[in-house]
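Below are the chains, spelled out letter by letter.
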Amino acid sequence: MTPKVALVPMGEVPQMALRVIAGNIAGCLRLAVTILPGEIPPAAAFDSHRRQFNAAILIQALESMGRDRDEKMLGVLAADLFLPIFTHVYGDARIGGRAGVVSLFRMQGNTGHPSPSDPVILERAAKVALHELGHLFHLVHCPEPECLMHFSGDLEDLDRSPLYFCSSCMHSFYSVLSAF
């Protein structure tokens, strides 16, 4: 059985971003994608001092949704994300886990960077979503700079990143998929 991917808007998320992410997952990874109705992020995930959502708590909330075990879930939100060891993250997922999250917040230039065009924001969102799905399918960060699984620490890294996995990561992805 081929795994499915469910996109879960958390809070107000532009429908165009969800459709672009879904289209890239279907087109690049050949996975079936469903966009679920929106969910309100759990209040416990919001850190009022940082004014950000804790990505790990959001992932736990997604994992607790009683969905199909063969389904991977990606929460998508417009709010800022963090992990306790980082000031911010564009997304997060546990390697081999069931759920991950993607934030559009910093992709939109909300942090002092000039606001990019909509196509740039949408491409960034697709890249982060595909990267986090790679982690859900057991891929780790790749040393190859021309691979979507290469770590992106800032927007410049993300913009330089291609919208595809290197041949080694793609082979690993399909090996994991064949085990489903």
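Attention here is on the structure that accompanies the text. (Residues numbered from 1 in each chain as written. Predicted model: local features only at pLDDT ≥ 70, side-chain atom pairs only at ≥ 80, totals over all residues. Heavy atoms only, no water.)

Right, let's get into the overall build of the chain. Helix and strand content of the chain: 5 helices and 9 strands. Element order for the chain, N to C, with α for helix and β for strand: β-α-β-β-β-α-β-β-β-β-β-α-α-α. Overall, the C-alpha framework of the chain stretches about 45 × 35 × 30 Å when taken along its three principal axes. When each of the 180 residues of the chain is scored for burial, the buried share is 48%. Of the roughly 8,600 Å² that the chain leaves accessible, carbon and sulfur atoms contribute 57%. Each charge class in the chain can be summarised by its mean position, and for the 14 positive and 18 negative side chains these summaries are 4 Å apart. (Helix = DSSP H or I, 4+ residues; strand = E, 2+ residues; numbered from the N terminus. Buried < 20%, exposed > 50% of the residue type's maximum accessible area, 1.4 Å probe, protein only. Areas by Shrake-Rupley, 256 points an atom, 1.4 Å probe, with all protein chains shown as cover. Lys, Arg positive; Asp, Glu negative; His and termini not counted. Charge placed at Lys NZ, Arg CZ, Asp CG, Glu CD.)

All right, on to the sheet that holds strand β8 (residues 91-93) then. What the 5 strands build is an open sheet, ordered β2-β1-β5-β9-β8; its pairing is mixed. At either margin of the open sheet sits one strand with a lone partner, and together these are β2 (32-35) and β8. Taking each pair of neighbouring strands and ignoring which way they run, the sheet shows an average axis angle of 20 degrees. The sheet contact formed by β8 and strand β9 (residues 99-103) spans 3 bridges and is antiparallel. Bridging across to β9, glycine 91 finds its partner in valine 102. Contacts from helix α3 (residues 118-136) reach β1 (4-9), β5 (71-77), β8 and β9 within the one sheet, and its direction differs from that of β9 by about 160 degrees. (Pairing = 2+ DSSP bridges. Axes fitted to C-alpha atoms, helices over the stretch in contact; angles between N-to-C directions. Contact = heavy atoms within 4.5 Å.)

This brings us to the sheet that holds strand β4 (residues 52-54). Ordered in space as β3-β4-β6-β7, the 4 strands form an open sheet in which the pairing is mixed. A strand with exactly one partner marks an edge of an open sheet, and here the two such strands are β3 (46-47) and β7 (86-89). Here β3 pairs with β4 via 2 bridges, running antiparallel. Opposite phenylalanine 46, over in β4, you have phenylalanine 53 as the bridge partner.

For glutamate 71, the position within the fold is in strand β5. Dropping the residues within four chain positions of it, glutamate 71 is found in contact with Lys4, Ala6 and Arg98.

Let us now look at the layout of surface pockets. The gaps of empty space that remain are located by a probe, the size of a water molecule, rolled over the atoms. Its volume calculated, the largest pocket comes out at about 380 Å³. Residue lining of the largest pocket: 20 residues in total, with Gly91, Glu132, His141, Phe151 and Ser152 positioned closest to the centre. Those elements that place two or more of their residues in the lining of the largest pocket are β7, β8 and α3. Of the residues belonging to the lining of the largest pocket, the class tally is 9 nonpolar, 8 polar and 3 charged. (1 Å grid on protein atoms, 1.4 Å probe; cavity = no way out; pocket = protein on both sides within 12 Å on 5 of 7 lines; lining within 4 Å. Points joined across faces, edges and corners; volume = space filled by probe spheres on them. Nonpolar A, V, L, I, M, F, W, Y, C, P; charged D, E, K, R; others polar.)

Put simply, helix α1 (residues 15-29) and α3 touch, their axes get as near as 9 Å, and they point 50 degrees apart. Comparing their axes, α3 and α1 come out oblique. Crossing angle aside, the handedness with which α1 passes α3 is right-handed. Facing Met16, Ala17, Val20, Ile21, Asn24, Ile25, Cys28 and Leu29 of α1, the residues of α3 in contact are Leu122, Ala125, Ala126, Ala129, Leu130 and Leu133. Residues that form the contact of α1 with α3 fall into these classes: 13 nonpolar, 1 polar and no charged. (Parallel < 35°, antiparallel > 145°, perpendicular 65-115°, else oblique. Left-handed = near helix turned anticlockwise from the far one by under 90°.)

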